[in-house]
Amino acid sequence: MELFIRSDQYNFIKAQTQILINGHSTVNDIEVLHALKSIVQEKVLHLFMDISEEQRQILHPIINIEDNDKAEEFLSHVLPYVIPFKEVTEKTVKKLFPKAKKLKVPILESMNLYEISYLGWNDKGSNKKYIVAHHHNKLIGIQGTYKSINKKGICALCNHHEEIGMFLSEAKGTAIGTFIKRGNYICENSQKCNQNIISLDKLNDFIERLTS
């Protein structure tokens, strides 16, 4: 069967398994647990617009989760259907940032492409942060300055409470010689950020705002 689950959707499914585990450890009412299972199953299936019966059967066992062992078993069953982030080479990444002459590209081969919705890394030497993502079926690169605030806050990409900093990207203004800076607070650790993303909505909004 073809792969049909995005990384963010897999993270959402994982979060729903934790809700079931918590429910079974704190609730004794059978009817309440049945209702919880139905809600979780409906939310998971609702992630997919045109889900086939075969795909539905892959996700259906989520209702049987009661503890960590069953959750791990279910997630290992689902993982093979996750779509990996499109593999990119160092050459491809450098083409996305033609003005960054001394760009330090992370070791791409060491990254788990099944766990990322975007590729992001910090260049400590230049206080820059680079983001590579798929947007409107096209691979794009966004670079900007990054300044950590040394405390936790809500990330504009994953919507979780993490160590964040201000990312600012500069674009040409409408008048000649003018520039506009746009940005927001995002996770310092892009790997952790990716693990938190359960929807692409905020990531897409962020990219749209910085590239429009």
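Attention here is on the structure that accompanies the text.

What counts and what doesn't
Residues numbered from 1 in each chain as written. Predicted model: local features only at pLDDT ≥ 70, side-chain atom pairs only at ≥ 80, totals over all residues. Heavy atoms only, no water. Helix = DSSP H or I, 4+ residues; strand = E, 2+ residues; numbered from the N terminus. Buried < 20%, exposed > 50% of the residue type's maximum accessible area, 1.4 Å probe, protein only. Contact = heavy atoms within 4.5 Å. Patch = residues over 30% accessible without salt bridge, like charges linked within 9 Å, V, L, I, M, F, W, Y side chains within 5 Å. Areas by Shrake-Rupley, 256 points an atom, 1.4 Å probe, with all protein chains shown as cover. Salt bridge = Lys/Arg side-chain N within 4 Å of Asp/Glu carboxyl O. Lys, Arg positive; Asp, Glu negative; His and termini not counted. Charge placed at Lys NZ, Arg CZ, Asp CG, Glu CD. Pairing = 2+ DSSP bridges. Axes fitted to C-alpha atoms, helices over the stretch in contact; angles between N-to-C directions. Expected span 1.5 Å × (residues − 1). Arc of directions from axis to C-beta. Phe/Tyr/Trp six-rings, centres within 6.5 Å; stacked < 30°, edge-to-face > 60°. Lys NZ or Arg CZ within 6 Å of the ring centre and 35° of its normal. 1 Å grid on protein atoms, 1.4 Å probe; cavity = no way out; pocket = protein on both sides within 12 Å on 5 of 7 lines; lining within 4 Å. Points joined across faces, edges and corners; volume = space filled by probe spheres on them. Nonpolar A, V, L, I, M, F, W, Y, C, P; charged D, E, K, R; others polar.

1. Details of the overall build of the chain
Then, number 1: A tally of regular secondary structure across the chain gives seven helices and five strands.
Then, number 2: Listed N to C, the secondary structure of the chain is α-α-α-α-α-β-β-β-β-β-α-α in terms of helices and strands.
Then, number 3: When its C-alpha atoms are laid out on the principal axes, the chain stretches across 65 × 40 × 35 Å.
Then, number 4: Residues counted as buried form 40% of the 212 residues belonging to the chain.
Then, number 5: In the chain, once contacts between residues fewer than 6 apart in sequence are set aside, the share between residues at least 24 apart is 56%.

2. What about a negative patch on the surface?
Then, number 1: On the surface, a cluster of negative charge is contributed by Asp 67, Asp 69, Glu 72 and Glu 73.
Then, number 2: Secondary-structure assignment places Asp 69 in helix α4 (residues 68-78).
Then, number 3: According to the relative accessible area criterion, Asp 69 is exposed, its value standing at 60%.

3. A look at the sheet that holds strand β3 (residues 138-154)
Then, number 1: In spatial order, the strands read β1-β2-β3-β4-β5; together these five strands make up an open sheet with antiparallel pairing. Whereas interior strands pair on both sides, the edge strands pair on one side only; in this sheet they are β1 (119-123) and β5 (179-187). Sheet twist, expressed as the average angle between the axes of neighbouring strands with direction ignored, equals 30°.
Then, number 2: Strands β2 (128-135), β3, β4 (161-172) and β5 of the sheet are contacted by helix α7 (residues 201-211), whose axis makes an angle of about 160° with β5.

4. Side note on helix α2 (residues 30-45)
Then, number 1: Given a rise of 1.5 Å per residue, 16 residues ought to cover 22 Å, and the 23 Å separating the end C-alpha atoms of α2 matches this to within 8%.
Then, number 2: Within α2, burial applies to Leu 33, Lys 37, Val 40, Val 44 and Leu 45. Buried residues in α2, looked at end-on, bunch into an arc of 125°, giving them a common side. Along α2, exposed side chains directed more than 90 degrees from the buried face belong to Glu 31 and Glu 42.
Then, number 3: On its buried side, α2 packs onto α1 (7-26) and α3 (53-59).

5. Here's the deal with the packing of aromatic side chains
Then, number 1: Under the defined criterion, the tally for this structure stands at six aromatic pairs.
Then, number 2: Their ring planes at 55° and their centres at 5.9 Å tell us that Phe 167 and Phe 206 sit as a pair that is tilted. Placement of Phe 167 in strand β4 and of Phe 206 in helix α7 is noted, with a sequence separation of 39 residues between them. Per residue, the accessibility class of Phe 167 equals that of Phe 206, and both read buried.
Then, number 3: Taken together, the ring pairs in this structure connect Phe 4, Phe 48 and Tyr 81 into an aromatic cluster.
Then, number 4: Over the aromatic face of Tyr 146 sits the side chain of Lys 129, whose NZ or CZ is 5.0 Å from the ring centroid.

6. Observations concerning α7
Given 3.6 residues to a turn, an α-helix orients residues that are three or four positions apart in the same direction.
Then, number 1: Of the positions making up α7, those classed as buried are Leu 203, Phe 206, Ile 207 and Leu 210. Along the axis of α7, the buried positions cluster into a sector of 95°, meaning they face one direction only. Of the residues in α7, the exposed ones pointing more than 90 degrees away from the buried face are Asp 201 and Asp 205.
Then, number 2: Where α7 is buried, its residues touch β2, β3, β4 and β5.

7. Describing empty space enclosed by the protein
Then, number 1: Per the stated rule, a full pass over the model turns up one cavity of 30 Å³ or more.
Then, number 2: In this structure, the largest cavity encloses a volume near 40 Å³.
Then, number 3: Taken together, Phe 85, Glu 87, Val 88, Leu 108, Met 111, Leu 113, Ile 116 and Leu 119 make up the lining of the largest cavity.
Then, number 4: Taken together, the residues that form the lining of the largest cavity break down as seven nonpolar, no polar and one charged.

8. Focus: the layout of surface pockets
Then, number 1: By volume, the largest pocket is sized at about 590 Å³.
Then, number 2: Forming the walls of the largest pocket are 19 residues, and the residues nearest its centre are Lys 99, Gln 143, Ser 169, Glu 170 and Ala 171.
Then, number 3: The set of elements that each furnish at least two residues to the lining of the largest pocket consists of β3, β4, β5 and α7.
Then, number 4: Within the lining of the largest pocket, the residues separate by chemical class into eight nonpolar, six polar and five charged.
Then, number 5: Estimates place the volume of the second largest pocket at around 390 Å³.
Then, number 6: For the second largest pocket, the lining is made up of 18 residues, of which Arg 6, Phe 85, Ser 117, His 134 and Leu 200 are closest to its centre.

This is a description of form; function is not addressed.
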